Amino acid sequence: MNNEFENIMNETQFEDMRQQLNTLKKKLGEQEIVNDHLMRRSMRNQVNKINHRYNIIMALCVLMIPYGYWCFVVLCHLSLAFWIGTSIFMLVCGAATFYTSRKISDPGLMSHNLIEARRKVASAKKFEANWLLFGIPAVILWFCWFVYEIYQIQGGDYNNGFFWGGCIGAIIGAICGIKMHFKTQREYQDIIDQIEDLTKE
């Protein structure tokens, strides 16, 4: 009789433990789903911030064309060729930014296949890093052309406000551009790291 009672108690305790284990597993599964959802939303927000920044850059590139004509040709009497060259450079920058943004602009990028999302984000990160190989030399050449234009107009006299204003603007622009580049690279890497954490799980 005692043995039967002990067996019943053991079975009851075992059943209770099994139910507790199942409940724990269910809670862990729900927690993983919540974590997955939160991480995907965080990555989606980061991608949206990068795309918003790209949209601003593209708008500035387009606006620089009419502004450049007024500033360089009408106001400062630089050559039309310089304005055309500047406009082409702005269009190339805008097109490169648009090309990069297309890689990550899919609204469902972080909602479906994370392996494919990682590939696209890594591709955008690499393209933006490689862009410096063209962008930095192009900016240096553009600035040299700017200095030459001032030299032609001023007869070698660089003691004027437009020249120094251009130099200060170029320095500030370069600093802001480099800071923005490294910030975007860090955000891309953060997204890639989060995707790798999720896919490992």
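Residues numbered from 1 in each chain as written. Predicted model: local features only at pLDDT ≥ 70, side-chain atom pairs only at ≥ 80, totals over all residues. Heavy atoms only, no water.

**Topic: the overall build of the chain**
Note the cut-off: For helices the rule is a DSSP run of H or I covering at least 4 residues; for strands it is a run of E covering at least 2, with both sets numbered from the N terminus onward. The rule is simple: take the accessible area with a 1.4 Å probe, protein chains only, and divide by the maximum for that residue type; under 20% is buried, over 50% is exposed, in between is partly exposed. A 1.4 Å probe and the Shrake-Rupley method give the accessible areas. Residues count as covered only by the protein chains that appear here.
Secondary structure assignment for the chain yields 4 helices and 0 strands. Listing the helices and strands of the chain from first to last along the sequence gives α-α-α-α. When the 201 residues of the chain are sorted by exposure, 28% land in the buried category. Taken as a whole, the chain presents about 13,400 Å² of accessible surface, with 65% of it coming from carbon and sulfur.

**Structural notes on the side chain of Lys 103**
Applicable threshold: Just so you know, the count uses Lys and Arg for positive and Asp and Glu for negative, and it drops His and the chain ends. Salt bridges are counted wherever a side-chain nitrogen of Lys or Arg sits within 4 Å of a carboxyl oxygen of Asp or Glu. Between N or O atoms, a polar contact is any pair within 3.5 Å; within protein, one atom must be a potential hydrogen donor and the other a potential acceptor, and residues adjacent in sequence are included only when both atoms are from side chains. Note on contacts: a residue pair qualifies if any of its non-hydrogen atoms lie within 4.5 Å across the two residues.
Relative to the helices and strands, Lys 103 is located in helix α2 (residues 80-104). Put simply, Lys 103 is tucked away with no salt bridge, and the nearest opposite charge, on Glu 116, sits 9.8 Å away. Within polar-contact distance, the side chain of Lys 103 engages the side chain of Tyr 99 at 3.4 Å. Other than its neighbours up to four places away in sequence, Lys 103 contacts Lys 120, Ser 123, Ala 124 and Phe 127.

**Details of the packing of helix α3 (residues 114-154) against helix α4 (residues 161-200)**
Which entries qualify depends on this criterion: In this description, a line fitted to the C-alpha atoms serves as the axis of each element, helices being fitted only across the stretch in contact, and the angle between N-to-C directions of two axes falls anywhere from 0 to 180 degrees. Each angle receives one of four descriptions, namely roughly parallel if under 35 degrees, roughly antiparallel if over 145, roughly perpendicular if within 65 to 115, and oblique otherwise. Amino acid classes used here: Ala, Val, Leu, Ile, Met, Phe, Trp, Tyr, Cys and Pro are nonpolar; Asp, Glu, Lys and Arg are charged; the rest, including Gly, are polar.
Their axes nearest at 10 Å, the elements α3 and α4 cross at an angle of 170°. Here α3 is positioned roughly antiparallel relative to α4, judged by the angle of their axes. In the contact of α3 with α4, the residues fall into 21 nonpolar, 6 polar and 4 charged.

**What to know about α4**
Here is the rule: Each helix should span, by expectation, one fewer than its residue count multiplied by 1.5 Å.
In a regular helix each residue adds 1.5 Å, so 40 residues correspond to 58 Å; α4 covers 58 Å between its end C-alpha atoms and thus fits that length. Among the residues of α4, Phe 163, Cys 167, His 181, Thr 184, Gln 185, Glu 187, Tyr 188, Ile 191, Ile 192, Gln 194, Ile 195 and Leu 198 are the ones counted as buried.

**Quick notes on the layout of surface pockets**
To keep things clear, this is the line we draw: Here a cavity denotes a set of grid points, spaced 1 Å apart and computed over the protein atoms alone, in which a 1.4 Å probe fits but from which it cannot get out, and a pocket denotes an open set meeting protein on both sides within 12 Å along at least five of seven lines; residues with an atom within 4 Å of a point are reported as lining. Grid points are joined across faces, edges and corners, and a volume is the space filled by probe spheres set on the points.
When its volume is computed, the largest pocket comes out at roughly 1,600 Å³. For the largest pocket, the lining is made up of 43 residues, of which Phe 89, Met 90, Val 139, Gly 173 and Gly 177 are closest to its centre. Counting only elements with at least two residues in the lining of the largest pocket, the list comes to α1 (2-75), α2, α3 and α4. In terms of residue count, α4 provides more of the lining of the largest pocket than any other element does, 14 residues in total. Its residues assigned to classes, the lining of the largest pocket comprises 30 nonpolar, 11 polar and 2 charged.

**Focus: the pattern of salt bridges**
Applying the stated criterion to the full structure yields 3 salt bridges. For Glu 187, the salt bridge identified is with Arg 53, shortest N-O distance 3.1 Å. With Glu 187 in helix α4 and Arg 53 in helix α1, this residue pair connects regions lying 134 residues apart in the sequence. Both residues of the pair, Glu 187 and Arg 53, belong to the buried class. The salt bridge partner of Arg 119 is Glu 116, with a shortest N-O separation of 2.6 Å. Residue Arg 119 and its partner Glu 116 are located together in helix α3, separated by 3 residues, close to a single helical turn.

**Topic: the nonpolar core**
Spelled out, the test is: Definition used in this section: a nonpolar core is a set of buried Ala, Val, Leu, Ile, Met, Phe, Trp, Tyr and Cys residues joined via side-chain atoms within 4.5 Å.
By size, the foremost hydrophobic cluster in this structure holds 16 residues, and its most contacted members are Ile 104, Met 110, Val 121 and Ile 191. Among the elements of the structure, α1, α3 and α4 are those that each provide at least two residues to this core. Among the elements that line this core, the one with the most residues is α4, at 5 residues. In this structure, Ile 191 is in contact with Met 43, Gln 46, Val 47, Ile 50, Met 110 and Val 121, ignoring residues within four places of it in sequence. Core analysis: the second largest hydrophobic core is formed by 9 residues, Cys 71, Cys 76, Phe 163 and Cys 167 among them.

The values reported here are purely geometric and, on their own, carry no functional implication.
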